[in-house]
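Coordinates in review
Residue-level listing of the chains:
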Amino acid sequence: MKVVDDPLKVSRRSILGGSAAICALPQISAAAAAPRPPEDKMNAIPVKLKVNGKDVRLTLDSRTSLLDALREHLHLTGSKKGCDHGQCGACTVIVEGRRINSCLTLAVMHDGDEVTTIEGLGSAEKLHPMQQAFVVQDGFQCGYCTPGQICSAVAVLDEIKAGIPSHVTADLNQVSFSDAEVRERMSGNICRCAAYPNIIAAIRDVADGGKA
Ligand code: FES
Ligand code: FES
């Protein structure tokens with residue numbers, strides 16, 4: 001009579017072989033679980049910034065985003081954290097004259113840089129013309145995106161003035177203001193309240209010489 005291998009024996013052996021391989025894994029995880037220094041002692045790096053005209057010195061974990069440095073360390077909470085992933089523009093600030101998403105950049109990368117946030121553009125007593133125009137044109141509803149929209153809008157007008165083209169610029173030698181230019185350049189600033197027509201109107205007012 002033909003002896004047939006017991007399939008169960010085979011699978012038991014392979015299971016045991018697999019278990020032996022798995023037994024080797026804890027060595028890897030033990031190495032990964034080496035004791036970490038306390039959170040506040042990790043990668044602490046001194047950073048010097050000029051924020052809204054004032055020199056500030058901070059000691060930050062190297063992984064701190066510029067947005068967190070502004071909001072959590074300097075308590076400048078005007079810049080908002082909408083997505084923390086570079087998708088909404090609520091965190092837009094102006095660094096060395098250029099607008100950036102502060103959630104997408106590390107504070108330590110800006111050592112020595114000049115940073116302007118919404119708090120530095122104007123004050124309740126003396127609004128920046130762009131802030132004034134947003135009020136006059138009703139360029140917001142809930143206001144969550146507004147600090148980022150205003151910082152972006154201020155920088156957009158500077159970009160146009162400096163002749164920096166966008167994807168919709170027809171003649172690269174003649175960069176000028178148009179609603180299409182503004183829509184394209186402001187496309188990284190999302191407004192969930194959809195105040196877009198009023199935002200464009202506000203920016204147009206300022207471009208027209210500060211009608212607001
Ligand atoms: Fe930075 Fe959304 S919070 S882009
Ligand atoms: Fe509400 Fe823009 S005003 S998200």
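Everything discussed here concerns the structure shown above.
Quantities reported herein were computed from a predicted structural model and do not represent experimental measurements. (Residues numbered from 1 in each chain as written. Chains lettered and ligands numbered in written order. Predicted model: local features only at pLDDT ≥ 70, side-chain atom pairs only at ≥ 80, totals over all residues. Heavy atoms only, no water.)

1. Some points on the packing of helix H5 (residues 129-136) against helix H8 (residues 196-207)
Interhelical geometry of H5 versus H8 gives an angle of 135 degrees and a closest axis separation of 8 Å. On the basis of their axis angle, the class for H5 and H8 is oblique. When you trace H5 past H8, the crossing you get is right-handed. Counted together, Pro129, Met130, Ala133 and Phe134 of H5 and Ile199, Ala202, Ile203, Asp205 and Val206 of H8 form the full contact between these two elements. (Axes fitted to C-alpha atoms, helices over the stretch in contact; angles between N-to-C directions. Helix = DSSP H or I, 4+ residues; strand = E, 2+ residues; numbered from the N terminus. Parallel < 35°, antiparallel > 145°, perpendicular 65-115°, else oblique. Left-handed = near helix turned anticlockwise from the far one by under 90°. Contact = heavy atoms within 4.5 Å.)

2. Digging into unusual backbone geometry
A positive phi angle, near 50 degrees, is found at Asn52, a position not held by glycine. Given the relative accessible area of 24%, Asn52 is considered partly exposed. In this model, Glu96 sits at a positive phi of 50 degrees, which is unusual for a non-glycine residue. With respect to the element layout, Glu96 can be found in the loop between strand S3 (92-95) and strand S4 (98-101). (Buried < 20%, exposed > 50% of the residue type's maximum accessible area, 1.4 Å probe, protein only.)

3. What to know about the nonpolar core
Met130, Phe134, Ile150, Met186, Ile199 and Ile203 are the most contacted members of the largest nonpolar core, which totals 25 residues. At the level of elements, helix H4 (118-121), H5, helix H6 (146-161) and H8 are the ones that each hand at least two residues to this core. When neighbours within four sequence positions are excluded, Met186 is seen to be in contact with Gln149, Ser152, Ala153, Val156, Ile199 and Ile203. If you look at the next biggest cluster of nonpolar residues, it comprises 14 residues, including Leu49, Leu66, Ala69 and Val95. (Core = buried A, V, L, I, M, F, W, Y, C linked by side-chain atoms within 4.5 Å.)

4. Focus: the pattern of salt bridges
Under the defined criterion, the tally for this structure stands at 7 salt bridges. For the salt bridge of Arg63 with Asp61, the shortest nitrogen-to-oxygen distance reads 2.6 Å. Judged by its relative accessible area of 44%, Arg63 falls in the partly exposed class. Residue classification places Asp61 among the buried positions, given a relative accessible area of 19%. A salt bridge links Arg185 to Glu181; the shortest N-O distance between them is 2.8 Å. A residue pair is termed a helical-turn pair when its members lie 3 or 4 positions apart in one helix, as Arg185 and Glu181 do in helix H7 (residues 179-185) at 4 residues. By relative accessible area, which is 7% here, Arg185 ends up buried. A single salt-bridge network, built from bridges that share partners, covers Arg99, Glu159, Glu181 and Arg185. (Salt bridge = Lys/Arg side-chain N within 4 Å of Asp/Glu carboxyl O.)

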